[in-house]
Amino acid sequence: MFSFFSPFPFLRLCLWWAIGIILVPENSSEWLNQVLFCLFLGALFCLIIWIKNRYLFQAYLVSIIFFFAGYLRTLDLKNQYQKLPSDVIAFRFQLVSTPIKKPKTYAFVGEISAYLNSKGAWNPIRTRCQFYLEQSADAPHLGDSYLSKAHPQSIRPAAFPFSQNWPVYYGRKGIYATSFLPGKWTKKLQCNSGNFAFKSFFERVQHNLLQHIHRALPGERNRAVGGAMLLGGHEAIDFETRKSYAALGAIHILSVSGMHVGILFLCIQFFLKFIPQGNRIVAMGVFILTLIIIWTYAGITGFSAPVLRASCMFSVVLFAQTFRFSLNSINLLAFTGFVMLVWDPMQLYDAGFQLSFLAVLGILMYQSDLSAIWEPNIKHPIVQYIVKQAWALTTVAVAAQVLTFPWILYYFHQFPHVGIMLLANPLLVLISSVSLILGLAFLLLAPFLQALSFSHLYVIMGKILDASFTFLHEVMFWIDHAFQPTIPFLHWEYGLFIPYYLILLLVKIWWDYRQGATLGFLGLLFVVSVSYVQLEQWQALRNQKIAYLGQYRGEPVWLELQGLKAKLLASSRIYQDPAWIQTNISPILAHHFIQDTIQLEWKSEKNVSWLWKGKKFYLAHQSQVISPGTIDVLIIDSKLKKQNFDWLISSKVGDRLWTQSISAYYLKKLDKLNPSSSHQVALDTVSALAY
């Protein structure tokens, strides 16, 4: 029953393993998940007791074992790393990730092995921290050990609700703190890359190949996209380019994914088919060579989740082809997911992992049915071939979106217009595939051409590659600017996942069996789901009146929501950072069904007051006398902390909010001056406050 090549055994095992992962609580205080785990396990054991069929009994027993193993594996992984205590004076750490060069710092993840507490004692610990090392210090390398006197801080929450929960996101990776490392307070102890020799080798190869990309693609945009697309490089892709790719539903092109490994696999198969493989030794040699190329490319691109998934899948496909085994595509996908979740259960919560697997599963489940809806029948053979390939790409694009659609809305709160997506996405995939094939060929030949001094051929290939990327971006920007293809602020919540996937299941059943009862139940479920969303939107239109006060880099941000309209009030700096607005403001607008937003600016460096729901708010940019009366919420610019607070004596203040964290010394100084304040918070330590 559990033979790998029989239908779907790993789909069942992967699901049971995933359930075990999900039921592990985020922290020990979350008793609900622990209760659910006990109840779920008890129900399964009761079910086993009543099963009389021996084969069913064995199947459920194996499933429970995998469920329990998934739970224990995840629990063990979560307990590997601890949270850093608050009384840290100094600490020793080692780099465990590749440093990324920022404008003023090196960003990397370090694993802390020991810390010095306030009592002068060194204590062992195992925890990870996101570090930003000042560039005045020695350049860091993977495996280097450092000693620092910096002060790690807890991961700060999202600036506004409903966006990414950063403490949980980093906590799943064992990262519980972040710290800026001044060069004068940080000392390199030793260079020890021996434990990371395998990873360092791939990084050196990636760096050398990136140099060829940089020579071939002089333009900054083409260079960044080419490095990311071909090698998983860390160059920063500008917001406009990333936004255009996302708007056209082609954001997956910007990262090395299964499509890239698939094209590499097909290219290898094409060239190796000219080698006669009648001899078993030759066939084995071709098998091993192909595996080496695929996994070397996976290592060079950083072993990301989509690349690992694709590399595992194509390795099994190659094994089946070489040794004459038949296989099931869905079972193969489940096997790959199972292996990756055994290695790192926390990948289950990664958006890239989820979207990658759901896209492939959607293609396997729905592409053939969609393709059968229409069969191109054109007499001219060339036109017939072009239309047929275009239709095939369109059905693949649609099938990939079927299962990922709700998750795209949930994570990104926007989606391309359906018509634009159907026409533009296949076109961009086709053009990007040409660029990808040219890029892989260039990377394969460039080192040899340079070593053999074939500079003319090297330059010609580089110019062709650069022209392909330029053409890709010209087409993409034209479509984006001409049609404005994105629908923003789309609302999605957890409660809508179940009816959506139930509707898909019923559509599949009706398509296969054409039963009227199924169609009727499908229509009823669809009407109920749409009515539920419309009712929520109608209630928001009638009753919604809420405001949020947050901060952006030490400056306050005020967001008013009334009905389906919003007003954003902030400094001019925030409007120069659209990526931050999309990450922090868009989720909250989507959650509240907002359809129209007005953007306003604070009066530059002036004190401002306003009323909201009967409360008086006062933003102090300057230290000046406030008019007598009660101020319910006083927002103080942290730059004023070193000035005299006598200007606050004449007013009664309720809550005091600082735009950024300040030391306990200044807090005590202010409390002595005005002890009647009821609440005091730094806006950068909490998510936006609701009023």
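Before reading further, recall that the structure is shown in the block above.
Here the structure is a predicted model, which is why all the values come from computation and not from measurement.

Calculation criteria
Residues numbered from 1 in each chain as written. Predicted model: local features only at pLDDT ≥ 70, side-chain atom pairs only at ≥ 80, totals over all residues. Heavy atoms only, no water. Core = buried A, V, L, I, M, F, W, Y, C linked by side-chain atoms within 4.5 Å. Buried < 20%, exposed > 50% of the residue type's maximum accessible area, 1.4 Å probe, protein only. Salt bridge = Lys/Arg side-chain N within 4 Å of Asp/Glu carboxyl O. Helix = DSSP H or I, 4+ residues; strand = E, 2+ residues; numbered from the N terminus. Pairing = 2+ DSSP bridges. Contact = heavy atoms within 4.5 Å. Axes fitted to C-alpha atoms, helices over the stretch in contact; angles between N-to-C directions.

Draft legend 1. Local environment of the nonpolar core. Of all hydrophobic cores here, the largest spans 71 residues; its most connected members are Leu-231 and Phe-442. In this structure, Tyr-548, Tyr-552, Leu-568 and Leu-569 belong to the second largest nonpolar core, which totals 34 residues.

Draft legend 2. Layout of the pattern of salt bridges. Taken as a whole and judged by the stated rule, the model has eight salt bridges. For Asp-144, the salt bridge identified is with Lys-188, shortest N-O distance 3.2 Å. Placement of Asp-144 in the loop between strand E4 (122-134) and strand E5 (145-148) and of Lys-188 in strand E8 (residues 186-190) is noted, with a sequence separation of 44 residues between them. A salt bridge links Arg-553 to Asp-577; the shortest N-O distance between them is 3.9 Å.

Draft legend 3. A look at the pairing of strand E3 (residues 105-117). With respect to burial, E3 is a largely interior element, twelve of its 13 residues being buried. Here seven bridges tie strand E1 (residues 88-95) to E3, and the two strands are oriented antiparallel to one another. Each residue of the ladder has a partner; that of Phe-91, found in E3, is Tyr-115. Note: strand E2 (residues 100-101) against E3, two bridges, orientation antiparallel. Within E3, the residue paired with Lys-101 across the bridge is Tyr-106. Count of turn residues in the E2/E3 antiparallel hairpin: three residues.

Draft legend 4. Spatial organisation of the sheet that holds strand E14 (residues 596-601). On the basis of which strands lie adjacent, the open sheet formed by five strands has the order E14-E13-E12-E11-E20 and mixed pairing. Of all strands in the sheet, those bounded by a partner on one side alone are E14 and strand E20 (689-690). As paired strands, strand E11 (residues 545-552) and E20 are joined by two bridges and run antiparallel to one another. From the neighbouring strand, Leu-549 faces E20, where its bridge partner is Leu-689. Contacts from helix H18 (residues 578-591) reach E11, strand E12 (555-562), strand E13 (565-570) and E14, with the element oriented near 30° to E12.

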